[in-house]
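Fold and contact review
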Amino acid sequence: GAVVSQHPSRVICKSGTSVKIECRSLDFQATTMFWYRQFPKQSLMLMATSNEGSKATYEQGVEKDKFLINHASLTLSTLTVTSAHPEDSSFYICSARVGGRGYTFGSGTRLTVV
Amino acid sequence: QQQVKQSPQSLIVQKGGISIINCAYENTAFDYFPWYQQFPGKGPALLIAIRPDVSEKKEGRFTISFNKSAKQFSLHIMDSQPGDSATYFCAASRAYGGSQGNLIFGKGTKLSVKP
């Protein structure tokens, strides 16, 4: 139980275009979703925290107009990378709290901007 | 206050040996300490987690040792196998008491288990 399904797993896009990443909680309601970014051989860095029905909270240094987060329902949160550039190429991972059982992670999205 | 320091950065262990990874935290409000295993191109997967009211937790070949006074916790992998070769992250959060706190991750340890 407590599965977060993340799609797509890989995406290649052209510089200047936008890309949407979806995370769905399959068997529980995710009130809060965390979005992380991971560069090669580095740790996970929190980008933003989204709460269902309200605006996301972004970490310092993360551009909220570039990384649009929508959490319109208890089972779906999306991250849209707008006007993507090569430096946005990274591994993006979502995570949700699961009641008293800690956190569950999506399988990640490898974004490559060419 | 928010950092989690992890060591070593990399670790090579012979098959059958014991792998030990250490972490230290600063924020005494943290109440949840998980370890995650990550393979290349995949999301982190929870291995084992502990709360600060116990000093040790064992699940199969994986053991967490927790020292609240020293603000340190460690992961021990007994009888290490080549399939354990992965990157391991410790983390900490304020997960209980109604908090929706996020996880703070260590920098990771790349474990290689040699046959």
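Whatever comes next refers back to the structure up there.
Residues numbered from 1 in each chain as written. Chains lettered and ligands numbered in written order. Predicted model: local features only at pLDDT ≥ 70, side-chain atom pairs only at ≥ 80, totals over all residues. Heavy atoms only, no water.

1. Topic: the overall build of chain B
Keep this limit in mind: Where helices and strands are cited, they refer to DSSP runs of H or I of at least four residues and of E of at least two residues respectively, numbered from the N terminus. Note on method: radius of gyration uses C-alpha positions; expected globular size equals 2.2 Å times residues raised to 0.38.
Looking only at helices and strands, one finds zero helices and eleven strands in chain B. Along its sequence from the N terminus, chain B presents helices and strands in the succession β-β-β-β-β-β-β-β-β-β-β. What you see for chain B is a C-alpha radius of gyration of 14 Å, in line with the 13 Å of a compact globule of 115 residues. Taking the principal axes of the C-alpha coordinates as reference, chain B spans close to 45 × 30 × 20 Å.

2. Some remarks on the interface of chain B and chain A
Test applied: Here, two residues are considered to be in contact whenever any of their heavy atoms come within 4.5 Å of each other. Summed over both partners, the accessible area lost on bringing two parts together, with a 1.4 Å probe, is the buried area. Put simply, a salt bridge is a Lys or Arg side-chain nitrogen that is within 4 Å of an Asp or Glu carboxyl oxygen. Between N or O atoms, a polar contact is any pair within 3.5 Å; within protein, one atom must be a potential hydrogen donor and the other a potential acceptor, and residues adjacent in sequence are included only when both atoms are from side chains. Gly is placed with the polar residues, together with every amino acid not listed as nonpolar (Ala, Val, Leu, Ile, Met, Phe, Trp, Tyr, Cys and Pro) or charged (Asp, Glu, Lys and Arg).
With 20 residues of chain B at the contact, the number on the chain A side is 18 residues. Roughly 1,500 Å² is buried in total at the junction of chain B and chain A, and carbon and sulfur atoms are behind 55% of that figure. Counting across the interface, chain B meets chain A through zero salt bridges. Our count for the chain B to chain A interface comes out at five residue pairs in polar contact (both at pLDDT 80 or more). Its residues placed into classes, the side of chain B that touches chain A shows eight nonpolar, nine polar and three charged.

3. Brief notes about the pairing of strand β8 (residues 76-81) of chain A
Residues and elements named next belong to chain A. Rule in force here: Under the scheme applied here, a residue whose accessible area is under 20% of the maximum for its type counts as buried, over 50% as exposed, and between as partly exposed, the area being computed with a 1.4 Å probe on protein chains only. Only when DSSP finds a minimum of two bridges between them are two strands counted as paired.
Most of β8 is tucked away, with five of its six residues classed as buried. The sheet contact formed by strand β7 (residues 67-73) and β8 spans five bridges and is antiparallel. Residue pairing in the sheet places S73 in a bridge with L76 of β8. As consecutive antiparallel partners, β7 and β8 are separated by two residues.

4. Re the state of the cysteines
Quick reminder of the rule: Note that a disulfide, as used here, is simply two cysteine sulfur atoms within 2.5 Å.
Counting across every chain of the model gives two disulfides over all chains. Each sulfur in the disulfide pair C23(A) and C94(A) lies 1.8 Å from the other. Between C23(A) and C94(A) the sulfur-sulfur dihedral comes to about -90 degrees; the bridge is accordingly left-handed. With C23(A) in strand β3 (residues 19-25) and C94(A) in strand β9 (residues 90-97), the pair connects residues that are 71 residues apart, well separated along the chain. Residues C23(A) and C94(A) agree in their burial class; the two are buried. In this model C23(B) forms its disulfide with C90(B); the gap between the sulfur atoms is 1.8 Å. Disulfide C23(B)-C90(B): torsion about the S-S bond near -90 degrees, hence left-handed.

5. A look at the sheet that holds strand β1 (residues 4-7) of chain A
Residue and element names in this part refer to chain A. The line we're drawing: For helices, the fitted axis covers only the stretch in contact; all axes are lines through C-alpha atoms, and the angles between them, taken along N-to-C directions, range from 0 to 180 degrees.
Within the open sheet, the four strands sit side by side as β1-β3-β8-β7. Their pairing is antiparallel. At either end of the open sheet lies a strand with only one pairing partner, and these are β1 and β7. In this sheet, neighbouring strand axes are inclined to one another by 15 degrees on average, regardless of whether the strands run parallel or antiparallel.

6. Here we look at the nonpolar core
The cut-off we apply is this: The criterion is simple. A nonpolar core is a set of buried Ala, Val, Leu, Ile, Met, Phe, Trp, Tyr and Cys residues joined through side-chain atoms within 4.5 Å.
In this structure, F28(A), M33(A), W35(A), F67(A), L79(A), Y92(A) and L111(A) are the most contacted members of the largest nonpolar core, which totals 26 residues. Residue assignment for this core shows that the elements contributing at least two residues are β2 (10-13), β3, β4 (32-38), β5 (44-51), β7, β8, β9 and β11 (109-113) of chain A. Ignoring sequence-local partners within four residues, the contact set of M33(A) consists of C23(A), A48(A), T49(A), S50(A), H71(A), S77(A), C94(A), S95(A) and A96(A). Core analysis: the next-biggest nonpolar cluster, separate from the first, contains 25 residues, L11(B), Y25(B), I77(B) and A86(B) among them.

7. Section: the sheet that holds strand β8 (residues 72-77) of chain B
All names here are of chain B. Judged by pairing direction, the sheet is antiparallel, and its five strands sit side by side in the order β1-β3-β8-β7-β6 without closing on themselves. Looking along the sheet, the strands with just one partner apiece sit at the ends: β1 (4-7) and β6 (56-59). Direction aside, the axes of adjacent strands within the sheet are offset by 15 degrees on average.

8. So, a nonpolar patch on the surface
Our working definition: Without a salt bridge and with relative accessible area above 30%, a residue can belong to a patch; like charges are then joined within 9 Å and nonpolar side chains (Val, Leu, Ile, Met, Phe, Trp, Tyr) within 5 Å. Areas reported here follow the Shrake-Rupley algorithm with a probe of radius 1.4 Å; residue values treat only the protein chains shown as occluding.
A surface patch of nonpolar side chains, about 240 Å² in accessible area, is lined by I18(B), I20(B) and M78(B). Relative to the assigned elements, M78(B) resides in the loop between β8 and β9 (86-92).

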